[in-house]
Amino acid sequence: MTQRKPAILVARAIFPNVLDRLRAHLNVSSNQDDVPWTPEALCAALQGKAGILTTGAERVDRALLAACPELRIAANMAVGYNNFDLEAMTERGVVATNTPDVLTETTADFGFALMMATARRMPESEHYLRAGHWKRWRYDMFAGAEVHGSTLGILGMGRIGQGIARRGALGFGMKVIYHNRSRLDAATEAACGATYVSKAELLQQADHLVLVLPYSAQNHHAIGAPELAQMKPTATLTNIARGGIVDDAALAVALRERRIAAAGLDVFEGEPQINPELLTVPNVVLTPHIASATLPTRQAMADLAADNLIAYLTMGRAITPLNSPVGA
Ligand code: GLV
C-alpha cells in the first residue's frame, strides 16, 4: 500500500517549478492566484495541513497554531522571521525554518546600492529630469554626499551586515564602524574591515548608517527621534532590515526639517502601507521590500523553503531549522 503524502499549503504565488518539486513528495494546496488572505482565510486553508510555505507576510502565531493542530512545520521564504511566534511554535512542537545564506550577497548588493542612490540623490534627480525641469547645468545641482572615503555605520552585523561592510571597506575605501548585540571575533572584524563601537558612537560618527538588524520587540523603534537627533545633519540612513525598527513618523519629521540629509527605505512600518508623510518629503528613496529580489536569489530562497518542507515531512529533519521543539 502506498503511503499518503503529507499535505501542505503554499500561502502565496510561487515559481511553478517549485510547486512541481513539492508535488513530487507532498500533497500541495497552493495560492497561485495570490489571493490576499485574511488570517481567518489562511487558517481555513491550513486545516488538515502538516506544513506551510510562508513568505514573511503570513503570521504564524498562537491563535493560528491553536486552530491548526496538525501543523508540524512552517517554512519561511525569507531570512527574517518576525512573522513567526517562535516560542509558541516551539511549545507546540512546530518546526520553523528560514532561508539564510542564499540571499546574503544579493541583499548586501541592494543595501549598498540603496545607500548610494540615497547619498547621490539618484531617484530625486531622475524625477526632476523626467518632469522636464532640467534646463541647464548648475554647479550645485543635486550635489549629494560623498560615499568613497566616508564613514559607513552598520547597525546589526550578521551575514548581510558583514557583506555590506566588505563592499564599503574593500570597494569604496570607507571607514567601517558597526554596533551589534555581540561583538564579532577579531578575524571576522578584520575580514570585513570593521571596528566595533557603541550605539551612540555609531549614530554620531556615521556618514551613512545602514540598518541590517533583525526585528524584535526590543528593537522596536531602535531608531526614533532621540537616535535621529544624534546623527550628523549631513548623514544618510538606509533601512533594509524590517519595518518597525525605524519610527517612520519621526524619520519623516527629521527628513523634512533636514535634521539628517536623506534616507533610503526598503521596509516600512505596516507595509505595504506607507506613512503618508514619507511620500511627500523629497529626500527619501522608497523601494517596495525588494532587497533580495533577483530571480536567481528568489529561486534559491523558494527552493530552500521547499526543501525544508520536503526534508522534514518525509525524513524528519529540516535543513535550516530555527528551533528544535521537543518531540518534533
Ligand atoms: C526579507 O526581508 C527577508 O527577510 O528575507
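In this report, we go over the structure that sits alongside the text.

Re the overall build of the chain
Here is step 1: Secondary structure summary: the chain contains 13 helices and 12 strands in total.
Here is step 2: Taking 2.2 N^0.38 as the reference for a compact globule, 328 residues should give roughly 20 Å; the C-alpha atoms of the chain span a radius of gyration of 22 Å, in line with that estimate.
Here is step 3: Once the C-alpha set of the chain is aligned to its principal axes, its extents read approximately 80 × 50 × 35 Å.
Here is step 4: When contacts within the chain are restricted to residue pairs at least 6 apart in sequence, those whose partners lie at least 24 apart make up 61%.

Side note on the environment of lysine 5
Here is step 1: Note on placement: lysine 5 falls in the segment before strand S1 (7–10).
Here is step 2: The spatial distance from the C-alpha of lysine 5 to the C-alpha of tryptophan 137 is 66 Å, given a sequence separation of 132 residues.
Here is step 3: Setting aside residues no more than four positions away along its own chain, lysine 5 makes contact with Arg23, Ala24, His25, Leu26 and Asn27.
Here is step 4: Engagement of the side chain of lysine 5 in a polar contact is seen with the backbone oxygen of arginine 23, the distance being 2.9 Å.

Notes on the pattern of salt bridges
Here is step 1: Going through the model one piece at a time under the given rule, you end up with 19 salt bridges.
Here is step 2: Two residues, glutamate 105 and arginine 166, come together in a salt bridge whose shortest N-O distance is 2.8 Å. Taken together, the positions of glutamate 105 in helix H5 (residues 104–119) and arginine 166 in helix H7 (residues 159–172) put the pair 61 residues apart, joining distant regions of the chain.
Here is step 3: Residue arginine 166 is classed as partly exposed on the basis of its relative accessible area of 27%.
Here is step 4: The salt bridge partner of glutamate 105 is arginine 167, with a shortest N-O separation of 2.8 Å. Linking glutamate 105 in helix H5 with arginine 167 in helix H7, this pair joins segments that are 62 residues apart in sequence.

Overview of the packing of aromatic side chains
Here is step 1: Overall, the coordinates contain three aromatic pairs when judged by the stated rule.
Here is step 2: Ring centres of phenylalanine 112 and phenylalanine 172 lie 4.8 Å apart, and the angle between their planes is 40 degrees; this geometry places the pair in the tilted category. Within this pair, whereas phenylalanine 112 is found in helix H5, its partner phenylalanine 172 is found in helix H7, the two being separated by 60 residues in sequence.
Here is step 3: Relative accessible area serves as the criterion here: at 5%, phenylalanine 112 is assigned to the buried category.
Here is step 4: On the accessibility criterion, phenylalanine 172 (29% relative accessible area) is partly exposed.
Here is step 5: Look at tyrosine 128 and phenylalanine 142: their rings are 5.0 Å apart centre to centre, the planes differ by 75 degrees, and that puts the pair in the edge-to-face class. Taken together, the residues span a long stretch of sequence, with tyrosine 128 in helix H6 (residues 122–130) and phenylalanine 142 in the loop between H6 and strand S6 (151–155) at a distance of 14 residues.
Here is step 6: We classify tyrosine 128 as partly exposed; its relative accessible area is 25%.
Here is step 7: Since its relative accessible area comes to 21%, phenylalanine 142 is described here as partly exposed.

As for the packing of H5 against H7
Here is step 1: At their nearest, the axes of H5 and H7 sit 8 Å apart, and the two run at 55 degrees to each other. Our classification of the angle between H5 and H7 gives oblique. Here the hand of the crossing between H5 and H7 comes out right-handed. Of H7, the residues touching H5 (which contributes Thr104, Glu105, Thr107, Ala108, Asp109, Gly111, Phe112 and Met116) are Arg159, Ile160, Gly163, Ile164, Arg166, Arg167, Gly168 and Phe172.
Here is step 2: Here the contact of H5 with H7 is built from residues that sort into six nonpolar, five polar and five charged.

A few points about unusual backbone geometry
Here is step 1: Note that the residue after glutamate 271, namely proline 272, is joined by a cis bond; omega there is 10 degrees.
Here is step 2: With respect to the helices, strands and loops of the structure, proline 272 is situated in the loop between strand S11 (262–265) and helix H12 (276–280).
Here is step 3: Non-glycine residue arginine 121 carries a positive phi angle of around 60 degrees.
Here is step 4: Along the chain, arginine 121 falls in the loop between H5 and H6.
Here is step 5: Residue class for arginine 121 comes out partly exposed when judged on its relative accessible area of 24%.

Concerning the packing of helix H1 (residues 16–23) against helix H13 (residues 295–315)
Here is step 1: For the pair H1 and H13, the least separation of the axes is 10 Å and the interaxial angle reads 15 degrees. Comparing the axis directions of H1 and H13 gives the class roughly parallel. Pair H1 / H13 crosses with right-handed handedness. Each of Asn17, Val18, Arg21 and Leu22 in H1 lies in contact with H13, whose residues at this interface are Gln299, Ala302, Asp303, Ala306, Asp307, Leu309 and Ile310.

Description of the layout of surface pockets
Here is step 1: Within this model, the second largest pocket holds a volume of roughly 190 Å³.
Here is step 2: Lining the second largest pocket are 15 residues, and of these Glu124, His127, Pro282, Val284 and Val285 sit closest to its centre.
Here is step 3: Secondary structure elements with two or more residues in the lining of the second largest pocket: H6, S11, H12 and strand S12 (284–286).
Here is step 4: For the lining of the second largest pocket, the residue count by class is 10 nonpolar, three polar and two charged.

Side note on the site of the ligand
Here is step 1: Taken together, Ala78, Val79, Gly80, Leu103, Arg242, His289 and Met301 make up all the residues around the ligand.
Here is step 2: Take valine 79: an N or O atom from its main chain is 2.8 Å from an oxygen atom of the ligand.
Here is step 3: In the environment of the ligand, an oxygen atom lies 2.7 Å from a nitrogen or oxygen atom belonging to the side chain of arginine 242.
Here is step 4: When the residues that make up the shell around the ligand are grouped by side-chain class, the tally is four nonpolar, two polar and one charged.

The rules we used
- Residues numbered from 1 in each chain as written.
- Predicted model: local features only at pLDDT ≥ 70, side-chain atom pairs only at ≥ 80, totals over all residues.
- Heavy atoms only, no water.
- Helix = DSSP H or I, 4+ residues; strand = E, 2+ residues; numbered from the N terminus.
- Rg over C-alpha atoms; globule rule 2.2 N^0.38 Å.
- Contact = heavy atoms within 4.5 Å.
- Polar contact = N/O pair within 3.5 Å; in protein donor to acceptor, adjacent residues only side chain to side chain.
- Salt bridge = Lys/Arg side-chain N within 4 Å of Asp/Glu carboxyl O.
- Buried < 20%, exposed > 50% of the residue type's maximum accessible area, 1.4 Å probe, protein only.
- Phe/Tyr/Trp six-rings, centres within 6.5 Å; stacked < 30°, edge-to-face > 60°.
- Axes fitted to C-alpha atoms, helices over the stretch in contact; angles between N-to-C directions.
- Parallel < 35°, antiparallel > 145°, perpendicular 65-115°, else oblique.
- Left-handed = near helix turned anticlockwise from the far one by under 90°.
- Nonpolar A, V, L, I, M, F, W, Y, C, P; charged D, E, K, R; others polar.
- 1 Å grid on protein atoms, 1.4 Å probe; cavity = no way out; pocket = protein on both sides within 12 Å on 5 of 7 lines; lining within 4 Å.
- Points joined across faces, edges and corners; volume = space filled by probe spheres on them.
- Near = heavy atom within 4 Å.

The values are spatial; any link to function lies outside them.
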